Amino acid sequence: MSAHPPHPAYDLIVIGAGVIGCSVAWHAATLGAGRVLLIDRGGIAEGTSSQSSSILRTHYSVRENVELARQSWSVFTRFAEYLGDDEAACGLNRCGYLIVAADGDRGEAVRASLAQQRALGIEAAEVDAAQAREILPLLITDDLAVFGHEPEAGYADAYLTATAFARAARRLGVEIRQGEAVRALTTEGSRITGVRTDVSTYCAATVVCVANVWSNPLLEQATGLPIPLVAERHEVMAFEAPEPYLPHYPVLKDMASASMVYARCYGRNQLLASAGLVGHATDPDERQADVPLDVVAELGEQVAARLRSFETAGVASTWTGLYDVTPDWNPVLGPLPGWDGLRVGFGFSGHGFKLSPAVGRLLAQSALGLPTDVPLAPYRYERFGEGRLLVGRYGKGAVS
Ligand SMILES: Cc1cc2nc3c(=O)[nH]c(=O)nc-3n(C[C@H](O)[C@H](O)[C@H](O)COP(=O)(O)OP(=O)(O)OC[C@H]3O[C@@H](n4cnc5c(N)ncnc54)[C@H](O)[C@@H]3O)c2cc1C
């Protein structure tokens, strides 16, 4: 028997069954893509999607991101209906988002972003300290001057979301192959013609590569283009304090803390927290890394300075996850210059989940040669060479 059995032709092959790839595959099927293959070297959402804090907000200083997050939020709030699957769930908790800052540049950036949200029709109010304490009774406000509240926000579950998209895609006829790694993209002249896996070779009219931190070798080898993407380790931890952090308490972003901490309810009473700073560049194949005690202590101190009762909190668990980071912390979406038959989506850093419904639809539209709902031009690869980075008032980093 041949090592490479005969292979069928697909209209579309999607590499990577994370939340982005599953969303691309489902949207492509709904847009009439024809024969679609979604392929992953592991299982559905076993990559960085399973590590996500899964926070949903439209608060960004980059206007394009606000729009994608807004479109995505409208999907998360009617997820089962959108997927046409009564049993589909994304685990949404609409607890809202509270961003706090001291006076100064960060406070002004918060105000500007709130104003931009409002200009786009999003409910995003500046509240005072007393109102903020009503929204989040544990909040210590002494050193704070700016409080932004976005009621239509919260968090969900990236794993549930990805698997729901995958199931709905399968029902529409998408073929899903798990445990099969793509070793290379196949090319003919300046066209990507398919993929070679460790099992077979499949040809396709278009390949969408959404392999997150593992995108570089596939794309660089096939196109010869440098892919400006690094894998960064981020540490996440769950604290448990005498007073619970209740599920209806908002997601908290503390721009006044040294690490720009973000936090939310975890389970029914714990607090998930992490730093909103640059992480440590690392090997994309790192599964889990130790979280050093000094890192736990540093974050714990900042949490305790912001939330009553957390000065005596214990650490319940810690884990690490990988961000796929581009030079401006925003994704590349669309084709790569000089290449036909290829669309890419990488570089989501810490905000790919909240954009995944809209990004999946846009990449599917682009791959099928359809007009995209919003222009992909701001997210094009060429922006790095042109010095037109996609950066807003917050500058480069996790808030974007
Ligand atoms: C700690 C942490 C916290 C986060 N918090 C948030 C948050 O609060 N809100 C938010 O919006 N976003 C957050 N994110 C970001 C968000 O989770 C990611 O942007 C999103 O999950 C990325 O999805 P993906 O499909 O691009 O990647 P992945 O889920 O990593 O999927 C890529 C897939 O490609 C597969 N693959 C790779 N190489 C190959 C190959 N050669 N052949 C076949 N398959 C391959 C992998 O197995 C993997 O399944 C966070 C991320 C982390 C790590």
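In this text the structure is predicted, and so the values were computed from the model without any measurement.

## Overview of the overall build of the protein
Consideration 1: Along the backbone of the protein there are ten helices and 19 strands.
Consideration 2: Compactness check: the protein gives a C-alpha radius of gyration of 21 Å against a globular reference of 21 Å for 400 residues, within 12% of the reference.
Consideration 3: In terms of overall dimensions, the protein has a C-alpha envelope of 70 × 40 × 40 Å along the principal axes.
Consideration 4: Across the 400 residues in the protein, those meeting the buried criterion constitute 57%.
Consideration 5: A separation threshold of at least 6 residues defines the contact pool for the protein, and within that pool the share at least 24 residues apart is 76%.
Consideration 6: A total of about 15500 Å² of accessible surface is found on the protein, and carbon and sulfur atoms cover 50% of it.
Consideration 7: Between the averaged position of the 33 positive side-chain charges in the protein and that of its 45 negative side-chain charges there is a distance of 5 Å.

## Observations regarding helix H7 (residues 215-223)
Consideration 1: Of the positions making up H7, those classed as buried are Ser 215, Asn 216, Leu 218, Leu 219, Ala 222 and Thr 223.
Consideration 2: Structurally, H7 contributes buried residues whose contacts are with strand S1 (9-15), strand S9 (182-188), strand S10 (191-197), strand S11 (201-209) and strand S19 (342-346).

## Examining the packing of helix H1 (residues 19-30) against helix H9 (residues 352-367)
Consideration 1: It is the contact of H1 with H9, at a shortest axis distance of 7 Å, that shows an interaxial angle of 35°. The interaxial crossing formed by H1 with H9 has right-handed handedness. Across the interface between the two elements, Val 19, Ile 20, Ser 23, Val 24, His 27 and Ala 28 from H1 touch Gly 352, Phe 353, Ser 356, Pro 357, Val 359, Gly 360, Arg 361, Leu 363 and Ala 364 from H9.
Consideration 2: A class-by-class count of the residues in the contact of H1 with H9 yields nine nonpolar, five polar and one charged.

## Some thoughts on the packing of aromatic side chains
Consideration 1: With the rule as written, the count across this model stands at eight aromatic pairs.
Consideration 2: Each ring, one from Trp 26 and one from Tyr 82, has its centre 5.3 Å from the other, and the planes form 45°; the classification is tilted. Of the two residues, Trp 26 is situated in helix H1 and Tyr 82 in helix H3 (residues 79-83); the sequence distance between them amounts to 56 residues. Residues Trp 26 and Tyr 82 agree in their burial class; the two are buried.
Consideration 3: When the centroid spacing of 5.5 Å and the interplanar angle of 85° are considered together, the rings of Phe 79 and Phe 165 count as edge-to-face. With a gap of 86 residues between them, Phe 79 in helix H3 and Phe 165 in helix H6 (residues 158-171) connect regions that are remote in the sequence.

## Let's talk about the pairing of S11
Consideration 1: One ladder, built from six bridges, connects S1 with S11; its direction is parallel. From the neighbouring strand, Tyr 10 faces S11, where its bridge partner is Ala 204.
Consideration 2: Summarising the sheet, S10 and S11 pair through three bridges and their orientation is antiparallel. Each bridged residue has a counterpart across the sheet, and for Val 195 the counterpart in S11 is Tyr 202.
Consideration 3: Examined bridge by bridge, S11 and S19 share three bridges and lie parallel to one another. Each bridged residue has a counterpart across the sheet, and for Val 208 the counterpart in S19 is Arg 343.

## A closer look at unusual backbone geometry
Consideration 1: A positive phi angle, near 60°, is found at Ala 45, a position not held by glycine.
Consideration 2: Its location among the elements puts Ala 45 in the loop between strand S2 (36-40) and strand S3 (55-56).
Consideration 3: Judged by relative accessible area, which is 1%, Ala 45 ranks as buried.

## Looking at the pattern of salt bridges
Consideration 1: Enumeration over the complete set of coordinates arrives at 20 salt bridges.
Consideration 2: The partner of Arg 306 in a salt bridge is Asp 143, and the shortest N-O contact between them spans 2.9 Å. Separated by 163 residues along the polypeptide, Arg 306 in helix H8 (residues 293-306) and Asp 143 in the loop between helix H5 (129-135) and strand S6 (146-150) bring together distant segments of the chain.
Consideration 3: When its relative accessible area of 4% is taken as the criterion, Arg 306 is described as buried.
Consideration 4: Accessibility expressed as a relative area gives 42% for Asp 143, which makes it partly exposed.
Consideration 5: With a closest N to O distance of 3.1 Å, Arg 177 and Glu 180 form a salt bridge.
Consideration 6: Through salt bridges with shared partners, a single network forms among Arg 35, Glu 175, Arg 177 and Glu 180.

## Comments concerning the packing of H1 against H6
Consideration 1: Remark: H1 packs on H6, axes separated minimally by 8 Å, with the N-to-C direction vectors making an angle of 25°. When the interaxial angle is binned, H1 and H6 end up roughly parallel. Note on packing geometry: the crossing formed by H1 with H6 is left-handed. Across the interface between the two elements, Val 19, Cys 22, Ser 23, Ala 25, Trp 26 and His 27 of H1 pack against Ala 158, Thr 161, Ala 162, Phe 165, Ala 166, Ala 168 and Ala 169 of H6.
Consideration 2: For the contact of H1 with H6, the residue count by class is ten nonpolar, three polar and no charged.

Thresholds, definitions, all that
Residues numbered from 1 in each chain as written. Predicted model: local features only at pLDDT ≥ 70, side-chain atom pairs only at ≥ 80, totals over all residues. Heavy atoms only, no water. Helix = DSSP H or I, 4+ residues; strand = E, 2+ residues; numbered from the N terminus. Rg over C-alpha atoms; globule rule 2.2 N^0.38 Å. Buried < 20%, exposed > 50% of the residue type's maximum accessible area, 1.4 Å probe, protein only. Contact = heavy atoms within 4.5 Å. Areas by Shrake-Rupley, 256 points an atom, 1.4 Å probe, with all protein chains shown as cover. Lys, Arg positive; Asp, Glu negative; His and termini not counted. Charge placed at Lys NZ, Arg CZ, Asp CG, Glu CD. Axes fitted to C-alpha atoms, helices over the stretch in contact; angles between N-to-C directions. Left-handed = near helix turned anticlockwise from the far one by under 90°. Nonpolar A, V, L, I, M, F, W, Y, C, P; charged D, E, K, R; others polar. Phe/Tyr/Trp six-rings, centres within 6.5 Å; stacked < 30°, edge-to-face > 60°. Pairing = 2+ DSSP bridges. Salt bridge = Lys/Arg side-chain N within 4 Å of Asp/Glu carboxyl O. Parallel < 35°, antiparallel > 145°, perpendicular 65-115°, else oblique.

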